[in-house]
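# Commentary on secondary and tertiary structure
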Amino acid sequence: MTREHVKKANHVNKMRMVVTPAEAGAPLSLSPERIGLDSRLRGNDRPKRTAYTPLPAYPTLRSLFSAVLAAITVTVLLASSSNAQSDANGGQGGAFYQVPLGARATALGGAYRSIADDGSGPLYNPAGVCSIRKSLFGTSYRAMRLDRTHGYLTGLVPIRDEAVIGGTYLYSSSGKVAGRDSDGYPTGLDFSFTNHDIGIIFAKRFENYFAMGARLSYVYARFAEMSAATVNVDFGTMLYVNQLMGREEGALFPVQDIQIGLVFKHLDTKYKWNNEQYVLKHVSAYDIGSDQIDNVPMEVGFGASGRFLASKLLVAADIAKSQKQSVIAALGAEYLISPQLALRAGFGDKRLTAGSGYLFNIGGRKLAIDYAFSTDKVDEGSEHMFSIDVQF
């Protein structure tokens, strides 16, 4: 064989990249068609690479950074593109949605759109509950001054470790308010304003690094003899950044459990009120009532979180913008004193917050009890909140 033939044979062998099963550490049948994308992304269960298993096309850090910047831009621009005529933080339909929910989320200042993995999760980001692996029941009660109450019930059931279905019930009441006439004298009538939000949720983890979720709810509001009903839609996505890294790279990365959430809430939600019954009863039997439409401002929210110090410290930050309000930022941190005890602090919507939580393990079931304290915002008093989550 001439020297030219030897060179050509060596070149062909290099192009073929022949690898034996023993050298590759896997059988020849381990081909891309046989492995599947889910198996290749599963961390410790990921098979060894061979000549027959090309590397998956993960997004680069530069493309990931660009996607985060794009999400932040969408958050601010899309929500501010409405025909808003006021930038005040009140006086709009669905104001009860602005009250923070859940003791853990409240203690973190409301920076919860990139976490959302407990009973309050569906109310912050429906996609976040995909990390739940066992059925969960959650409830919370918030006692506020001026005879106001706020609370929720949540039930979630996982499906094959890749999807979650469930239901939510959100309740809000202003308590009784004494009626007065145009001169300020009591009329002897008491009025109350209540809201009920009954919803269903579905979330699915399409890849190990990406999940989507939606919550559809029926909303009923009542004030005196007037009532209104509407349909509310929330939609969220979650990106699990560390799942985009290789096993070794992810283990050495200084920040663990990096999560990014993007949420769209109150898509085309509006109340239609008619005051005819109120006018006939309290004003005049000869007057005609009128209709009024109250739009619930659409909200776009973006959040990011990650764990530091051997995963003991969780730090989260959120920004949110609605069609009728200014941008609201929130920042929160949670430190694990032990696997059972957590301390929390945060700041959001001009409020300082703090709280704690303890996780009990009772007969194979997990019981989490959380507490949050929130300072007052406009002299309405500080508030206390308790939440309970049971996983079984």
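Scroll up for the structure.
These remarks concern the structure in this document. If you're wondering where the values come from, they're calculated on a predicted model, not measured in any experiment.

## Overview of the overall build of the protein chain
Of the regular secondary structure elements, the protein chain holds nine helices and 16 strands. In the protein chain, which comprises 392 residues, the share counted as buried stands at 41%. Long-range contacts, defined here as pairs at least 24 residues apart, represent 55% of the contacts in the protein chain between residues at least 6 apart. A total of about 21300 Å² of accessible surface is found on the protein chain, and carbon and sulfur atoms cover 60% of it.

## Focus: the environment of N295
Within the secondary structure, N295 is located in strand β9 (residues 291–296). C-alpha of N295 to C-alpha of T269: the two residues are 26 residues apart in sequence and 6.2 Å apart in space. Apart from residues no more than four positions distant in its own chain, N295 is found in contact with G93, T269 and K270.

## Points about the packing of aromatic side chains
Evaluated as defined, the whole model comprises eight aromatic pairs. Seen from their ring centres, F193 and W273 are 6.2 Å apart, and the 45 degrees between their planes marks the pair as tilted. Here the residue F193 occupies a position in strand β4 (residues 186–207), and W273 occupies one in strand β8 (residues 269–274), the gap between them amounting to 80 residues. For W273, a relative accessible area of 12% puts it in the buried group. By way of ring pairs, the aromatic residues F191, F193, F223, Y271 and W273 are connected into one cluster. The side chain of K204 reaches across the aromatic face of F206, ending 5.8 Å from its centre. In this arrangement the basic side chain of R205 is found over the ring face of Y240, its NZ or CZ atom lying 3.7 Å from the centre.

## Quick word on the pattern of salt bridges
Tallying each qualifying case throughout the model produces 12 salt bridges. Note that R113 is salt-bridged to E299, the shortest N-O span being 3.0 Å. Taken together, the residues span a long stretch of sequence, with R113 in the loop between α6 (103–107) and α7 (121–124) and E299 in strand β10 (residues 299–308) at a distance of 186 residues. Among the salt bridges present, the one from E383 reaches R142, with a minimum N-O distance of 2.5 Å. With E383 in strand β16 (residues 383–391) and R142 in strand β1 (residues 136–144), this residue pair connects regions lying 241 residues apart in the sequence. Overall, the relative accessible area of 2% leaves R142 in the buried class. In the salt-bridge network here, residues are joined through shared partners; they are R104, D117, E334, R344 and D370.

## A word on unusual backbone geometry
In this structure, R160 takes a positive phi of about 55 degrees despite not being glycine. Mapped onto the secondary structure, R160 falls in the loop between β2 (148–159) and β3 (163–180). Positive phi is not limited to glycine here, since H266 has a value of about 60 degrees. Considering the arrangement of structural elements, one finds H266 in the loop between β7 (256–265) and β8. Taking the relative accessible area as the measure of exposure, H266 reaches 4% and is therefore buried.

## Side note on a nonpolar patch on the surface
Together, F308, L309, Y335, I337 and L343 make up a nonpolar patch on the protein surface, roughly 450 Å² of accessible area in all. Its place among the elements puts F308 in strand β10. Given a relative accessible area of 32%, F308 falls into the partly exposed group.

## Observations regarding the pairing of strand β11 (residues 313–322)
Relative to β11, β10 runs antiparallel, the two sharing 10 bridges. Bridged to G303 within β11 is D318. A loop of five residues connects β11 with strand β12 (residues 328–336), the two strands running antiparallel in sequence.

## What to know about the side chain of S140
Mapped onto the elements, S140 comes out in strand β1. Look at S140 and you get buried, because its relative accessible area is 7%. Polar contacts involving the side chain of S140 include one to the side chain of S387, which spans 2.9 Å. Apart from the residues lying within four places of it in its own chain, the contact partners of S140 are G102, A103, H150, G151, Y152, M385, F386 and S387.

The rules behind each value
- Residues numbered from 1 in each chain as written.
- Predicted model: local features only at pLDDT ≥ 70, side-chain atom pairs only at ≥ 80, totals over all residues.
- Heavy atoms only, no water.
- Helix = DSSP H or I, 4+ residues; strand = E, 2+ residues; numbered from the N terminus.
- Buried < 20%, exposed > 50% of the residue type's maximum accessible area, 1.4 Å probe, protein only.
- Contact = heavy atoms within 4.5 Å.
- Areas by Shrake-Rupley, 256 points an atom, 1.4 Å probe, with all protein chains shown as cover.
- Phe/Tyr/Trp six-rings, centres within 6.5 Å; stacked < 30°, edge-to-face > 60°.
- Lys NZ or Arg CZ within 6 Å of the ring centre and 35° of its normal.
- Salt bridge = Lys/Arg side-chain N within 4 Å of Asp/Glu carboxyl O.
- Patch = residues over 30% accessible without salt bridge, like charges linked within 9 Å, V, L, I, M, F, W, Y side chains within 5 Å.
- Pairing = 2+ DSSP bridges.
- Polar contact = N/O pair within 3.5 Å; in protein donor to acceptor, adjacent residues only side chain to side chain.

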